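Next come the chains, spelled out residue by residue.
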Amino acid sequence: MSETIRPGEATGAVVPPPDPERSTVVVVLGAGRSGTSAITRGLAALGVDLGDKLRAGSGKNPTGFFEDLDCLAIAKKLKNRLDIRGHSLRLIDDSEWQTPAVQSLVAEAAGVWGPRFGGAPLWGYKYARTLRTLPFWARVHEALDLDVRYLVALRNPLSVARSRAKINPQRGRQAWSDLEWLVNVVPYFGTVMERPCAVVDFDRMMAEPEAQLARVARDLGLPLGEGERAGIEEYATQFLQQDKPSTRFTRDDLWADPQVNRWTAEGYTLLNKVANDELRLNDAEFVERWANIQAAVTDLGPLLSEFDYLRGQLVRAGWNPASPVEQARQVWRDLRSR
C-alpha cells in the first residue's frame, strides 16, 4: 500500500502522484562526475522504467551509466548541430534553439521516444548534459505532452574535480572543473524550478540511501509501496556496495579552498541546503541568491567563449606538424634517440 503524498520539501507544494492517463517522465540532471549514474539506478528502485536499451558500463562507470542509447544518439546529433563538446564552456545563445537543424531534431527525438515511452505511465532518462541543453529536451517533452519531474544529482565540486582529474587531468583542474559546473548547472535551472523537483546530495545518497530515496519519492510524488521498498533494499545493500566514492568534502571545505570559484561554491551551497531540507527552491532567499549567480554566469559569457577559442587554437597547434609545439616535440624525440 502506498504512503500518503506529503508536500515536497524542495518546493513546499503538494506534488500529485503520476496521472495514470498521462505519461510521467523523471529527468535526471547534474554536472558530470556528480553521481548521476548511481542516482539514476536509484530511480529504478522506485519503479521508474529506464528502458531496455541502456549503455553498458565501462572504465569510467563500471557499474553502469544507465543512459538510454537512443537518447545518447540524439544528444550526439544535438552537440554537433550546436557545435559544442563535453569540455565546451561557451554559453548557448537563445537563437540557437530556434534553428531549423535543432527544430528538426526535436521532431526526430519525439518520433523515437513516442513509440517507446509515450504509453509508459512512469519512466525516466539520464544524460550528462541534459541540463546544459535543457531548452531542446523541454521541447521534446512538450511535443510528447509529458508530465515532467526533475531529479538533480549534486556533489561537492571538490569531489567533482578530483573525480574528473582521474579521467582528464586538464579538465580536472579545479578552475576548469568549476567553470564546467557553472555552465552545466546554472543557465537553465529556472526551468527546473517550475516543475516538481528533488535535489539529492551524492554523498548523502551513499551514506543513507533508504532515507534519500524516500525524499525523492516525497518530492516527486512517487508511490512508496512494498515493491518500491524491496527495490530500495536491494539498491542499498547490493548495488551501492560496488560504487563507494573515494572523496567526501563539506561546504566548509569548499569555501576554504582558494582555488574554488566563488560562484560555483555559492551555487553548490544553495542546492546543498535544498538537499538537506534547509531551504526550498521557491524560498525568497534561494530565488534572490540564484538570480545573482545567473547574472554572474551571463557576465562570464565573453570570457567563456574566449576560453573555448584559445583551447581550440592550442589543440590545433599541437596537432599541426608544422607548428612550433610539434617541432619542439620532434627535437626532443631526436635527442632521446641519440
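Remember, it's a predicted structure, so these values are computed and weren't measured experimentally. (Residues numbered from 1 in each chain as written. Predicted model: local features only at pLDDT ≥ 70, side-chain atom pairs only at ≥ 80, totals over all residues. Heavy atoms only, no water.)

## Some remarks on the overall build of the protein
The secondary structure content of the protein amounts to 15 helices and four strands. Put simply, the protein has 338 residues, and 50% of those count as buried. The long-range share in the protein, meaning contacts at least 24 apart out of those at least 6 apart in sequence, stands at 75%. Taken as a whole, the protein presents about 15600 Å² of accessible surface, with 53% of it coming from carbon and sulfur. (Helix = DSSP H or I, 4+ residues; strand = E, 2+ residues; numbered from the N terminus. Buried < 20%, exposed > 50% of the residue type's maximum accessible area, 1.4 Å probe, protein only. Contact = heavy atoms within 4.5 Å. Areas by Shrake-Rupley, 256 points an atom, 1.4 Å probe, with all protein chains shown as cover.)

## A few points about the nonpolar core
Grouped together as the largest cluster of nonpolar side chains are 62 residues, with contacts concentrated most on F136, W137 and L271. Among residues more than four places away in sequence, those in contact with L271 are L154, W181, V185, F189, V199, L281, F286 and W290. Residues A38, I39, L43 and A217 belong to the second largest nonpolar core, which totals 28 residues. (Core = buried A, V, L, I, M, F, W, Y, C linked by side-chain atoms within 4.5 Å.)

## Examining the pattern of salt bridges
Scanning the model with the defined rule gives 22 salt bridges in all. We note a salt bridge from R149 to D147, for which the minimum N-O separation is 2.7 Å. The buried category is assigned to D147, whose relative accessible area is 8%. Through salt bridges that share partners, D52, K53, D68, D70 and R116 make up one connected network. (Salt bridge = Lys/Arg side-chain N within 4 Å of Asp/Glu carboxyl O.)

## Here we look at the environment of R173
With respect to the element layout, R173 can be found in the loop between α5 (157–165) and α6 (174–185). For the pair R173 and A161, spaced 12 residues apart in sequence, the C-alpha to C-alpha distance is 6.4 Å.

## Let's talk about α6
Counted at 1.5 Å a residue, the expected span for α6 with its 12 residues is 16 Å, and the 16 Å between its end C-alpha atoms agrees. Counting buried positions along α6 gives 11 out of 12 residues, so the element sits mostly inside the fold. Every buried residue belonging to α6 is among Q174, W176, S177, D178, L179, E180, W181, L182, V183, N184 and V185, and all of these are buried. (Expected span 1.5 Å × (residues − 1).)

Read these as layout, nothing more, since geometry by itself doesn't imply function.
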